[in-house]
Amino acid sequence: MDLETLWYAVIGVAVLCYALLDGFDLGVGALLPFARNDHERRLFLNSIGPVWDGNEVWIVIVMGGLFAGFPGVYATLFSGFYTLLMFLIAALMFRAAAIEFRSKRPGPAWRQTWDLTFCISSVTVAFVLGIIMGNLIVGIPLDSEQNYIGSFTDLLNAYSILVGITSVALFAMHGAIYLALKTEGETHTFVRIWVNRTIAFFLIWYAILSFITVRHFPKMTDRLFEGPYWLVLPLLSILAILNVPRLISRRSDGWAFIFSCISIAFLLSLYMLGTYPILVPSSLDPLSNTLTIYNTASSHGTLINLLIVVAIGLPLVLGYGVWIYRIFRGKVQIGHTSY
């Protein structure tokens, strides 16, 4: 494995960690309006309260990894997707404000305002991430100097919007399963109903997305037919998702959450398999203007030094995450320090 591919894998792992961890945060936010009363909304928020801010560290690692490892991609993405990224950053800021401010005053209007803000900002983050991923499949207009020459509306094409909706559905499913793991009593019974609903909602959009992808973007599936072992990936992703309702019916909530994580890992693997080694495809001249891991990577010396930093820092981040999740394991309880 060459250094460029290895660094690409490091960024892929960071993207996966963000999707797995902040994904259920976003899903909980999307489901917050469906809570039946203020007590349930507090349970929802406190289920992610100790971990939500740490989960967002992974998106910083992704952006930092692009800046250091593939500066050309970083420059193009942050200029071409500037408006989208401003929506993303604003939504992340409002999420933080909403979860911290909603319990500072007891008034229902105050709390409902921040609850709605938390929901909208969570959905916005998931949707914008899907929009970005969709455009990285479709391709964006890059000139001969690999500069983005399109407009904001060019990014809002039908396929990227479909990927955005599917992303929201995926994270809503992931968040519902996480809530089933963290709640008990009547709230747990209520959440279990929403688990199956969100799974059905996601499967509908995923089926539509898969059909359109195979029909209009065959490049995403070409590598699957290069060897029979690659065909196992989409099969395993579907089996992992379908196994979740079976585990929920058997009240194996922990295993259901694990299989939800596995399904997300397989879906992301399919995306990386379909796009590798391309990072940002050009819709104008794909052969000359496309950004790959090879024509945008930093020097070999830089990549080696960066990998040394990652080898030291990544285990520390993972260790901190494991420690926090171990401390706050178990069912969520509302106390005097709760949101």
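Residues numbered from 1 in each chain as written. Predicted model: local features only at pLDDT ≥ 70, side-chain atom pairs only at ≥ 80, totals over all residues. Heavy atoms only, no water.

1. Description of the overall build of the chain
Applicable threshold: Secondary structure elements are defined from DSSP: runs of H or I of at least 4 residues count as helices, runs of E of at least 2 residues count as strands, and each element is numbered from the N terminus. Here the globule rule reads 2.2 Å times residues to the power 0.38, and the radius of gyration is calculated from C-alpha atoms. When a residue's accessible area, from a 1.4 Å probe over protein chains only, is under 20% of the maximum for its type it is buried; when over 50% it is exposed; and in between it is partly exposed. Note on contacts: a residue pair is in contact if any heavy atoms of the two residues lie within 4.5 Å. In summary, the charge assignment counts Lys and Arg as positive and Asp and Glu as negative, without counting His or the chain termini. The location of each charge is read from NZ of Lys, CZ of Arg, CG of Asp or CD of Glu.
Summing up its helical and strand segments, the chain has 14 helices and two strands in all. The C-alpha radius of gyration of the chain comes to 20 Å, within 12% of the 20 Å expected for a compact globule of 339 residues. Along the longest, intermediate and shortest principal axes, the C-alpha atoms of the chain span 60 × 40 × 40 Å. Across the 339 residues in the chain, those meeting the buried criterion constitute 49%. For the chain, long-range pairs separated by at least 24 residues make up 79% of all intrachain contacts whose partners lie at least 6 apart in sequence. Charge separation in the chain, taken as the distance between the mean sites of 20 positive and 19 negative side-chain charges, equals 15 Å.

2. Considering unusual backbone geometry
Cis geometry is found at the peptide bond from tyrosine 276 to proline 277, where omega equals 0 degrees. If you check the backbone angles, glutamine 146 has positive phi at about 65 degrees while not being a glycine. Looking at where glutamine 146 falls in the secondary structure, it is placed in the loop between helix H7 (108-138) and helix H8 (158-182). A positive phi angle is found at arginine 251, which is not glycine, with a value near 60 degrees. When you line up the elements, arginine 251 lands in the loop between helix H11 (232-249) and helix H12 (253-275). Residue classification places arginine 251 among the exposed residues on the basis of a relative accessible area of 58%.

3. What about the nonpolar core?
We apply this condition: Here, nonpolar core means buried Ala, Val, Leu, Ile, Met, Phe, Trp, Tyr and Cys residues that are tied together by side-chain atoms lying within 4.5 Å of each other.
In this structure, Trp7, Phe70, Val73, Phe81, Val195, Phe202 and Val280 are the most contacted members of the largest nonpolar core, which totals 96 residues. Residues contacting phenylalanine 81, with those up to four places away along its chain left out, are Thr76, Ile132, Asn135, Leu136, Ile140 and Leu155.

4. A word on a nonpolar patch on the surface
Rule in force here: Here, patches come from residues exposed beyond 30% relative accessible area and free of salt bridges, joined within 9 Å for like charges and within 5 Å for nonpolar side chains (Val, Leu, Ile, Met, Phe, Trp, Tyr). In this description, accessible areas are obtained by the Shrake-Rupley approach with a 1.4 Å probe, and a residue is regarded as covered only by the protein chains that are shown. A side-chain nitrogen of Lys or Arg and a carboxyl oxygen of Asp or Glu constitute a salt bridge if their distance falls within 4 Å.
Taken together, Tyr82, Met86, Ile89 and Met93 make up a surface patch of nonpolar side chains, about 420 Å² in accessible area. Looking at the secondary structure, you find methionine 86 in helix H6 (residues 82-101).

5. Examining H8
The condition that has to hold: Every helix has an expected span of 1.5 Å times one less than the residues it contains.
Taking 1.5 Å per residue, 25 residues should reach 36 Å; H8 reaches 36 Å between its end C-alpha atoms and fits that length. Extensive coverage of H8 is indicated by the burial of 21 of its 25 residues.

6. Comments concerning the packing of helix H1 (residues 3-31) against H7
What counts here: Axis definition: a line fit to C-alpha positions, over the contact stretch in the case of helices; interaxial angles, taken between N-to-C directions, run 0 to 180 degrees. Any angle that is under 35 degrees is reported as roughly parallel, and any over 145 degrees as roughly antiparallel; angles of 65 to 115 degrees are reported as roughly perpendicular and all others as oblique. The crossing is said to be left-handed when, going from far helix to near helix, the turn is anticlockwise and less than a right angle, and right-handed when the turn is clockwise. When residues are sorted by character, Ala, Val, Leu, Ile, Met, Phe, Trp, Tyr, Cys and Pro go into the nonpolar class, Asp, Glu, Lys and Arg into the charged class, and all the rest, Gly among them, into the polar class.
Running from amino to carboxyl end, H1 crosses H7 at an angle of 140 degrees, the nearest separation of the two axes being 7 Å. On the basis of their axis angle, the class for H1 and H7 is oblique. Crossing of H1 against H7: the hand is left-handed. Along its contact with H1, which presents Tyr18, Leu26, Gly29 and Ala30, the element H7 presents Phe118, Cys119, Ser122, Val123, Val125, Ala126 and Leu129. Tallied by class, the residues present in the contact of H1 with H7 amount to nine nonpolar, two polar and no charged.

7. Some points on the environment of leucine 179
Mapping leucine 179 onto the fold places it in helix H8. Once the C-alpha coordinates of leucine 179 and leucine 43 are considered, the two residues, 136 residues apart in sequence, prove to be 9.0 Å apart. Look past the residues within four positions of leucine 179 in its chain and what remains in contact with it is Val28, Leu31, Phe44, Ser47 and Val191.

8. Thoughts on the pattern of salt bridges
Oppositely charged side chains are able to pair whenever their charged atoms sit close together. For the structure shown, the criterion picks out eight salt bridges. In this structure, aspartate 38 engages arginine 102 in a salt bridge whose closest nitrogen and oxygen atoms are separated by 3.0 Å. Residue aspartate 38 is located in helix H2 (residues 38-48), and its partner arginine 102 is located in the loop between H6 and H7; the two are separated by 64 residues in the primary sequence. The salt bridge partner of aspartate 253 is arginine 192, with a shortest N-O separation of 3.7 Å.

9. So, helix H14 (residues 300-327)
Operational definition: Here the bend at a residue means the angle between the axes of two seven-residue stretches, the one that ends at it and the one that starts at it.
For H14, which comprises 28 residues, the first-to-last C-alpha distance of 40 Å matches the rise-based estimate of 40 Å (1.5 Å per residue) to within 8%. At valine 310, H14 shows its strongest bend, of approximately 25 degrees. What H14 keeps buried is the set Leu303, Leu306, Leu307, Val310 and Ile324. Structurally, H14 contributes buried residues whose contacts are with H1 and helix H4 (57-69).

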